[in-house]
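Topology and contacts: notes
Chain residues, written in single-letter form:
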Amino acid sequence: MTGTVYLVGSGPGDPDLLTVKARRLLDEADVVLHDKLPGPEILGLIPEEKREDVGKRAGGDRTPQSVTNERLVELAEAGETVVRLKGGDPFVFGRGGEEAAYLADHGIDFEVVPAVTSAIAGPAVAGIPVTHRDHASSVSFVTGHEDPTKEESAVDWEALAATGGTIVVLMGVGKLPDYTAALREAGMDPDTPVALVERATWPDQQVATGTLDTIVDARDEVGISPPAITVIGDVAGERERLAEFLHGYGTDAADGEDDG
């Protein structure tokens, strides 16, 4: 009999933020194909003999998506119960939609197990609400790492600059100078607060804060590297107000200079 594939989100990285269903499926699975992003504590819950690393890392080792797709089908056709474990939510810049379509095209049963997306959890644990009645009534989620085969960017930074809401950029550490410049050129105030949250909820979480004008220097000063979330908008300024009383992940880490 053909097995089932579960497209499972692991949340931002803290095992305590796994859903009950995700945790149960990790125990029951025959094989877990995982990304780089679930984090060491979550991956440590999975016996090594059940784990297959099919992750991608900007500038590092990469498993082609076609190989991952084919492996999912191969394992399911062999009757295995397969968990495809992803960082964050599988359908938020996680290529879960592509994998679901591939499984459907090959007649493989699958189930999607949603999770807390790092696009919301990352800012939250750093003391940044992505919406706020005083600051932002909307939030836009944007990838900072588009498909390199695209002829031109599908992200309209000029339109985003005009929304007045919060902009959350995933996978955008390397391109930070480009899109902050694009937003300034589109008319966004250079003093708009910006924050970078690296490895949200991981033991080594750290945060850099600044403005649209200063965040690149703050990134370099703190030493932010992928994976990280960028939050652009007045809500990012809330961290300074809350930081003294904020407990939890990485609260001992110093921020970069905030000139806003």
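Residues numbered from 1 in each chain as written. Predicted model: local features only at pLDDT ≥ 70, side-chain atom pairs only at ≥ 80, totals over all residues. Heavy atoms only, no water.

1. A short note on the packing of helix α7 (residues 176-185) against helix α8 (residues 215-222)
Worth spelling out the cut-off: To get an axis, a line is fitted to the C-alpha atoms, and for a helix only the part in contact is used. The angle between two axes follows their N-to-C directions and goes from 0 to 180 degrees. For the purposes of this entry, the term helix denotes a DSSP run of H or I that reaches at least four residues, the term strand denotes a run of E that reaches at least two, and both are numbered from the N terminus. For this classification, under 35 degrees means roughly parallel, over 145 means roughly antiparallel, 65 to 115 means roughly perpendicular, and everything else is oblique. Crossings are assigned a handedness: left-handed for a near helix turned anticlockwise from the far helix by less than a right angle, right-handed for a clockwise turn. Working rule for contacts: check all heavy atoms of both residues, and any pair within 4.5 Å makes them a contact.
One way to put it is that α7 packs onto α8 with a least axis distance of 10 Å and a crossing angle of 160°. Put simply, α7 runs roughly antiparallel to α8. In the crossing of α7 with α8, the sense of the turn from one axis to the other is right-handed. Residues Leu176, Pro177 and Thr180 of α7 form the contact with α8, whose own contacting residues are Ile215, Val216 and Arg219.

2. Focus on the packing of aromatic side chains
The criterion, for reference: Aromatic rings from Phe, Tyr and Trp, taking only the six-membered ring of Trp, are treated as a pair when their centres fall within 6.5 Å; an angle between ring planes under 30 degrees marks them as stacked, one over 60 as edge-to-face, and anything in between as tilted. For the exposure calls, accessible area comes from a 1.4 Å probe over protein chains only, and a residue counts as buried if that area is under 20% of its type's maximum, exposed if over 50%, partly exposed in between.
Enumeration over the complete set of coordinates arrives at one aromatic pair. When the ring of Trp157 is compared with that of Tyr179, the centres are 5.2 Å apart and the planes differ by 10°; the resulting orientation is stacked. Placement of the pair is Trp157 in helix α6 (residues 157-163) and Tyr179 in helix α7, with a sequence separation of 22 residues. Comparing Trp157 with Tyr179 shows no difference in burial state: the two are buried.

3. Here we look at the sheet that holds strand β6 (residues 139-143)
Two modes of strand pairing occur in sheets, parallel and antiparallel, and in both the strands are linked by backbone hydrogen bonds. Which entries qualify depends on this criterion: Being paired, for any two strands, means DSSP has found at least two bridges between them.
In space, the five strands of this open sheet follow the order β6-β7-β10-β8-β9, with mixed pairing throughout. Across the chains shown, the open sheet's two edge strands, defined by having one partner strand only, are β6 and β9 (206-211). Each strand axis lies, on average, 20° off the axis of its neighbour in the sheet, ignoring direction. Inspection of the sheet shows strand β8 (residues 193-198) paired to strand β10 (residues 228-232) by five bridges, in the antiparallel sense. When the bridges of β10 are listed, Val197 appears paired with Ile229.

4. Topic: the pairing of strand β7 (residues 166-170)
Within β7, five of the five residues are buried, leaving the element largely enclosed by the surrounding structure. Residues Thr166, Val168 and Leu170 point to one face of β7 and Ile167 and Val169 to the other, with burial holding for every one of them.

5. Brief notes about the domain arrangement of the protein chain
In plain terms, the rule: Domain extents, as shown, originate in an automatic or database domain assignment. Take a side-chain nitrogen of Lys or Arg and a carboxyl oxygen of Asp or Glu: if they are within 4 Å of each other, that pair is a salt bridge. We define a polar contact as two N or O atoms separated by no more than 3.5 Å, with the added condition that, inside protein, one atom must be a possible hydrogen donor and the other a possible acceptor, whereas residues neighbouring each other in sequence contribute only through side-chain atom pairs. Residues are grouped as follows: nonpolar covers Ala, Val, Leu, Ile, Met, Phe, Trp, Tyr, Cys and Pro; charged covers Asp, Glu, Lys and Arg; every other residue, Gly included, is treated as polar.
Once the domains are mapped, the protein chain shows domain 1 (4-113) and domain 2 (118-244). For domain 1 and domain 2, the distance between their C-alpha centroids amounts to 27 Å. Each partner contributes residues to the interface: domain 1 has 14 residues there, and domain 2 has 14 residues. Where domain 1 touches domain 2, the interface holds zero salt bridges. Viewed at the interface, domain 2 and domain 1 are joined by three residue pairs in polar contact (both at pLDDT 80 or more). Of the residues that constitute the side of domain 1 that touches domain 2, the class distribution is seven nonpolar, three polar and four charged.

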